[in-house]
Structures are given as structure tokens and as C-alpha cells.
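Structural features, examined
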Amino acid sequence: MLNHKDHFHGSDLEKIEEIYHINKEDIISFSANINPLGIPGDLKKYLSQHLDAISSYPDREYKNLRSCIAQYCGTNPQNVIVGNGSTELISLMIENVHPKRAMILGPSYSEYEREISLCGGHTLYYPLKEEQDFLLDVQDLCVHLTSRLDMLVICNPNNPTSTSITYPQMRRILDACLQHGIFAMVDETYVEFTDPASDVSSIKLTNYYTNLVVLRGTSKFFAAPGLRLGYAVTGNQDMIRKVSTRQNPWTISSLAEIAGCLMFRDKDYQKQTLDLITEERDRVYRELCSWKSVKAFKPSANFILVKILREDVDADELFDHCIRKNMMIRNCSTFPFLNNKFFRFCFMKKEDNDRLLAALREVLED
Ligand SMILES: Cc1ncc(COP(=O)(O)O)c(C=O)c1O
């Protein structure tokens, strides 16, 4: 087994190529959390017909794109800001709030903490507890929201636990934030993969709470991480003005502008994705629940967090076994509160998920 201290991020395919001598094209990435259907079918043809768009600057205000986004997620175009992936918007929002003390519900995506510390802020983690299957105890969180904090960051659904907070729960959290002058940033990168009946999105709440911004992107659900198109929704017009003043002009390319409008309108693709993920999520979760060697945490997004219960196996060994079969999973030991017993993988097409389950079974169940 190769001894690598650093763990691979979902997008580290070049590193894998170098270390394991496997062509990156041959690797099925179960670690990048990207829609296995690939980009919507018509997009390639449509973009190739509109390549001339790169000969001119995009609309500086992205009026058409913002209006497509507003229609897609049920808000007003004036509440939408677009960015170069949700990553640019995470930075801009944190820079704008400039928190001295921010709280993050963890374990979670690492960029929030990095950005807070780049802005000179201090991060406190509110731990989601393994004993509670990483589900949030809203009442307990509210006790910890005090005026000593100026920002709260929630990834919903959360990466890597795949747990989520519902709309009524978020309302309670936002009331507590409002009471203590805390600004809330909710990252909904994975929200479109959740069951619509579970009422996870907080977009509607931006109509009532000015201390809220919701971030989303096209990298995961629309399988377009290279397009770099993200957006934020907030009812706080003062924030929109300040962030727009700070943001460089034209950070979204003309092609991303065109692609975005097409993707947001493609209802067939959106339904097909949701159907596939819903079916595979239920099926894979049920299968893992029948294994003695692992504890699978109930997923609400397009990926699942799993804990290895066997003493003699860890996530490094599992990673190594799977990558040698050209399948890449995510070792979660670099996430706060997790360790080398936790791994995460996303749901791909049925036959690929079956291949992964077979490989995991060889190490864990035999
Ligand atoms: C929770 C979360 N937010 C944001 C991002 C970055 O997304 P984007 O490609 O839109 O910048 C990721 C990427 O893995 C993520 O997991």
C-alpha cells in the first residue's frame, strides 16, 4: 500500500495519475460529488453554435442570466448576484461581513474556515455529534448563538455528512441570529439533490431575513465545475451593492452566461438527475445498512458518509483498494471531528455504484 500522508480532494485526479500511474480518464470519481449524467445533452451543441460570444464582453450586469436564475429558484432577479463558482461568492460574502468571530457547523467544507482566517477572523466550530448521526440539535445550537459571534456558516445539505436542516428549523436558527446580530451564510451547493418534499432550501427565507445569504452553484448538480458559475441570493440590497462594488467586472465568462441560461431551463435533465439520485441513494444506503462492518449515516444529498466499524481496516486502506480498481473515494480524516475511519462517496450510475459496493465488500465484509 502506498503511504501518502496527504488525502486527495475530489478534484485531485492529476495527483492520482502521478502517484498511482492510472490515466485520469479511466478513474471514476466517487469523491467529487458531481452528477453522473454529465452536462445536459443539448449544451455541447448549443455552446458550439454560440462560440462567437467570446468575441464580446458579457453584459456587465448579467441581467438575462440573473433573471434565469431567479426564475429557476423562485426569487426576484434583484436579489441575485452571480460569481465565478460559489467559491468566489464564499470569499466575497465573508470579506463583506468581515467577521471577528464566526461559527461553522462542522465537520464541513474547509473553504469557509480558510476564508475567515484570511480575513483575520477566528472560527469556532459547533460540532454535529456522531451520537446524533450528525443531525443538528437546533435548540442546542440556538443556546450557543450569542452576541459574541458575528457570522454563522451552514452548509445545507452538509458536506461531508449529507445531513440537512429543514426550512422550519432554519427559521428558528435565523430568528436567533437576528436577535444577536449574527449574519448567516447558507451554502446550498447540494440542495437540488434533496427530496423536494423534505423542504431544505432557504431561498424563500431571503424574503423575510436580511441577515441571510444563500449560495449555490452549477458545479455539482449540472456537472459543470469547469464552467465556474455560481450565484448568491439575498434580500439584503445593501449587501448586494457592497459586494457588487467590490467584485471585479466580468468574472463570469460569456460562455458560462449562455450555458447557465440553458441549464436552468432544462427541466427534463433536472428531473432525470433527481430520479437517478433518489433511487441510488435509497438503494445504496439500504445495502450498507445490511453490512456489519460499517455504519452508514442517512444521506439527504448525492453522497454518503460511512464509518468503518472494523478495527483492522481504515479509510487509507479502503482508498488504496478502490483506486487500484480505478474508483476514487474520499478519505474524510482531514475534516474536523472525523478520523481515518470515515469515508465519503457520491452516487454515480447504478452499474458504477455496484462496482464500488463490490470493491468495498471485498475489504470490509469478507
Ligand atoms: C459545500 C461546497 N461548497 C462549494 C464548493 C465549491 O463549488 P464551486 O465549484 O461552485 O466553486 C464545493 C466543492 O466541493 C462544496 O463541496
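Quantities reported herein were computed from a predicted structural model and do not represent experimental measurements.

1. Re the overall build of the protein
For the protein, the helix and strand inventory stands at 12 helices and 13 strands. The C-alpha radius of gyration of the protein comes to 20 Å, within 12% of the 21 Å expected for a compact globule of 366 residues. Expressed as a percentage of its 366 residues, the buried residues of the protein come to 46%. Taking the contacts inside the protein whose residues are at least 6 apart along the sequence as the reference set, 71% of them involve residues at least 24 apart.

2. Focus: the domain arrangement of the protein
How big an interface is tends to be reported as the loss of accessible area on association of its parts. Looking at the protein, the domain boundaries give domain 1 (13–39 + 268–364) and domain 2 (43–266). Residue-level contacts link 27 residues of domain 1 with 26 residues of domain 2. Elements with a contribution of two residues or more to the side of domain 1 that touches domain 2: helix 10 (267–289) and strand 10 (303–308). Here the side of domain 1 that touches domain 2 takes six residues from helix 10, the largest share from any one element. Classifying every residue of the side of domain 1 that touches domain 2 gives 16 nonpolar, eight polar and three charged.

3. A look at the site of the ligand
Close contacts around the ligand come from Gly85, Ser86, Thr87, Tyr109, Cys155, Asn159, Asp187, Thr189, Gly217, Ser219, Pro225 and Gly230, and that covers them all. For the shell around the ligand, the element with the highest residue contribution is helix 4 (residues 85–97), accounting for three residues.

4. Details of the sheet that holds strand 2 (residues 80–83)
The strand order 2-8-7-6-5-3-4 describes an open sheet built from seven strands, whose pairing is mixed. The sheet is open, and its two borders are formed by strand 2 and strand 4 (122–127), each paired with just one other strand. Taken pair by pair, the neighbouring strands of this sheet meet at an average axis angle of 20 degrees, ignoring direction. Bridge count for strand 2 against strand 8 (residues 230–234) is four bridges, and the pairing is antiparallel. Each residue of the ladder has a partner; that of Val82, found in strand 8, is Tyr231. In the packing of helix 3 (residues 63–73) onto the sheet, the strands contacted are strand 2 and strand 8, and the crossing angle to strand 2 comes to about 115 degrees. The sheet contacts of helix 8 (residues 237–246) involve strand 2, strand 7 (212–217) and strand 8, and relative to strand 2 the element is tilted by about 25 degrees.

5. With respect to the sheet that holds strand 12 (residues 330–331)
Across the sheet, which stays open at both edges, the four strands sit in the order 9-10-13-12 with antiparallel pairing between neighbours. Each edge of the sheet is formed by a strand with only one pairing partner; in this case those strands are strand 9 (294–296) and strand 12. Here five bridges tie strand 10 to strand 13 (residues 342–346), and the two strands are oriented antiparallel to one another. Looking at the pairing, Phe303 lines up with Cys346 of strand 13. Sitting on the sheet, helix 10 is in contact with strand 9 and strand 10, with an inclination near 145 degrees to strand 9.

6. Quick look at the pairing of strand 8
Of all the five residues making up strand 8, five are buried; the element is thus mostly covered by neighbouring parts of the structure. Taking every second residue as pointing to the same face, both faces of strand 8 are buried, with Gly230, Ala232 and Thr234 on one and Tyr231 and Val233 on the other. As judged from the five bridges shared by strand 7 and strand 8, these two strands associate in the antiparallel manner. By the bridge assignment, Gly217 is partnered in strand 8 with Gly230.

7. A short note on the environment of Ile277
Topologically, Ile277 is positioned in helix 10. Using a count of 25 C-beta atoms within 10 Å as the deciding quantity, one classes Ile277 as buried. Sequence separation between Ile277 and Asn35 is 242 residues, and the spatial gap between their C-alpha atoms is 8.5 Å. In this structure Ile277 touches Phe193, Asn302 and Phe347, once residues within four positions along its chain are discounted.

8. A word on unusual backbone geometry
Residue Pro107 is reached from Gly106 by a cis peptide bond, and omega for that bond is 5 degrees. The topology assignment puts Pro107 in the loop between strand 3 (101–106) and helix 5 (111–118).

9. Some details on the pairing of strand 6 (residues 183–187)
Most of strand 6 sits inside the fold, with five of its five residues counted as buried. Side chains Phe183, Met185 and Asp187 project from strand 6 onto one buried face, and the interleaved Ala184 and Val186 project onto a second face that is buried too. Sheet analysis places strand 5 (residues 151–155) next to strand 6, joined by five bridges and oriented parallel. Across the sheet, the residue bridging to Met151 is Phe183, located in strand 6. For the crossover that starts at strand 5, traverses helix 7 (residues 167–180) and ends in the parallel strand 6, the hand is right-handed.

10. Examining the environment of Gly217
For Gly217, the location among the structural elements is in strand 7. With 27 C-beta atoms counted inside 10 Å, the residue Gly217 sits in the buried group.

What counts, and where the lines are drawn
Residues numbered from 1 in each chain as written. Predicted model: local features only at pLDDT ≥ 70, side-chain atom pairs only at ≥ 80, totals over all residues. Helix = DSSP H or I, 4+ residues; strand = E, 2+ residues; numbered from the N terminus. Rg over C-alpha atoms; globule rule 2.2 N^0.38 Å. Buried ≥ 20, exposed ≤ 12 C-beta atoms within 10 Å, placed from the backbone. Contact = placed C-beta atoms within 7 Å. Domains from an automatic or database assignment. Nonpolar A, V, L, I, M, F, W, Y, C, P; charged D, E, K, R; others polar. Near = placed C-beta within 6 Å. Pairing = 2+ DSSP bridges. Axes fitted to C-alpha atoms, helices over the stretch in contact; angles between N-to-C directions. Right-handed = clockwise from strand over helix to strand, strands pointing away.

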